[in-house]
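Observations on the model geometry
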Amino acid sequence: MSDCIFCRIVEGEIPAQKVFEDDEILAFKDIHPIAPVHILVIPKRHIESLDASVESDANVFGRMLVKAGPIAREVGAHDGFRTIINTGRIGRQEVYHLHMHIIGGGDPLPAMIKY
Ligand code: 5GP
Ligand code: ZN
């Protein structure tokens with residue numbers, strides 16, 4: 001059994017509210033949503049972070065981006081959304097299985113990060 005929580009979701013060992021799935025990627029609702037729409041899109045294959053990615057990951061990353069719009073519309077974000085990939089300590093990545101947040105439903109969302 002994997003000790004990676006998102007691998008366990010892929011394997012069906014931990015329940016998740018799935019909103020899209022194909023052979024390479026899975027999208028499901030974030031357990032602690034920060035906005036009315038908060039979806040996580042992950043590669044099914046374990047990739048630790050954006051910083052640990054290699055050339056051969058380019059296809060699955062492309063698929064995650066191409067599907068972002070259809071997934072967002074499917075869950076009710078019809079007029080735009082924000083995608084975020086947190087990376088490493090500085091990026092405050094909490095789960096070390098790469099994931100892209102799709103955040104929306106605010107009208108509009110708060111402004112970008114400010115110091
Ligand atoms: P990060 O900070 O790594 O970019 O974001 C990790 C996200 O995963 C957080 O928004 C957190 O709420 C979400 N999360 C952590 N554990 C689970 C889980 O077991 N199920 C779901 N659906 N989301 C999770
Ligand atoms: Zn994993």
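Scope of this entry: the structure provided in the associated data block. These figures come from a predicted structure and were not determined experimentally.

It is worth spelling out the overall build of the protein chain at this point. When helices and strands are tallied, the protein chain shows two helices and five strands. Counted from the first residue to the last, the protein chain has its helices and strands arranged as α-β-β-β-α-β-β. Its C-alpha radius of gyration of 14 Å places the protein chain within 12% of the 13 Å reference for a compact globule of 115 residues. Seen through its C-alpha atoms, the protein chain measures out along the principal axes to roughly 40 × 30 × 25 Å. Relative to its full complement of 115 residues, the protein chain shows a buried share of 36%. Summing over all exposed atoms, the protein chain offers an accessible surface of approximately 7500 Å²; the carbon and sulfur share of this is 52%. Charge-centre separation for the protein chain: the mean point of 12 positive side chains lies 5 Å from the mean point of 16 negative side chains.

As for its position among the elements, K18 is in strand β1 (residues 18–21). Judged by relative accessible area, which is 41%, K18 ranks as partly exposed. K18 sits 77 residues away from V95 along the chain, and the two C-alpha atoms are 18 Å apart.

Attention now moves to the site of ligand 1. Around ligand 1 there are 16 residues in total, and K29, D30, E94, H99 and H101 lie nearest to it. Between an oxygen atom of ligand 1 and a main-chain N or O atom of R92, the distance comes to 3.2 Å. Between H101 and ligand 1, the recorded distance is 2.8 Å, taken from a side-chain N or O atom to an oxygen atom. In the complex, the protein chains occlude 87% of the 530 Å² of accessible area that ligand 1 would expose alone.

Here the focus is helix α2 (residues 58–74). When the terminal C-alpha atoms of α2 are compared, their 25 Å separation across 17 residues agrees well with the 24 Å that a helix rising 1.5 Å per residue should span. The sharpest bend along α2 reaches about 40 degrees and sits at A68, with the proline P70 one to four residues further on. Within α2 the residues assigned to the buried category are V60, F61, M64, A68, G69, I71 and A72. Of the surrounding secondary structure, the elements contacted by the buried residues of α2 are β1, β2 (25–29), β3 (37–43), β4 (82–84) and β5 (100–104).

What counts and what doesn't
- Residues numbered from 1 in each chain as written.
- Chains lettered and ligands numbered in written order.
- Predicted model: local features only at pLDDT ≥ 70, side-chain atom pairs only at ≥ 80, totals over all residues.
- Heavy atoms only, no water.
- Helix = DSSP H or I, 4+ residues; strand = E, 2+ residues; numbered from the N terminus.
- Rg over C-alpha atoms; globule rule 2.2 N^0.38 Å.
- Buried < 20%, exposed > 50% of the residue type's maximum accessible area, 1.4 Å probe, protein only.
- Areas by Shrake-Rupley, 256 points an atom, 1.4 Å probe, with all protein chains shown as cover.
- Lys, Arg positive; Asp, Glu negative; His and termini not counted.
- Charge placed at Lys NZ, Arg CZ, Asp CG, Glu CD.
- Near = heavy atom within 4 Å.
- Polar contact = N/O pair within 3.5 Å; in protein donor to acceptor, adjacent residues only side chain to side chain.
- Expected span 1.5 Å × (residues − 1).
- Bend = angle between axes of the 7 residues up to and from the residue.
- Contact = heavy atoms within 4.5 Å.

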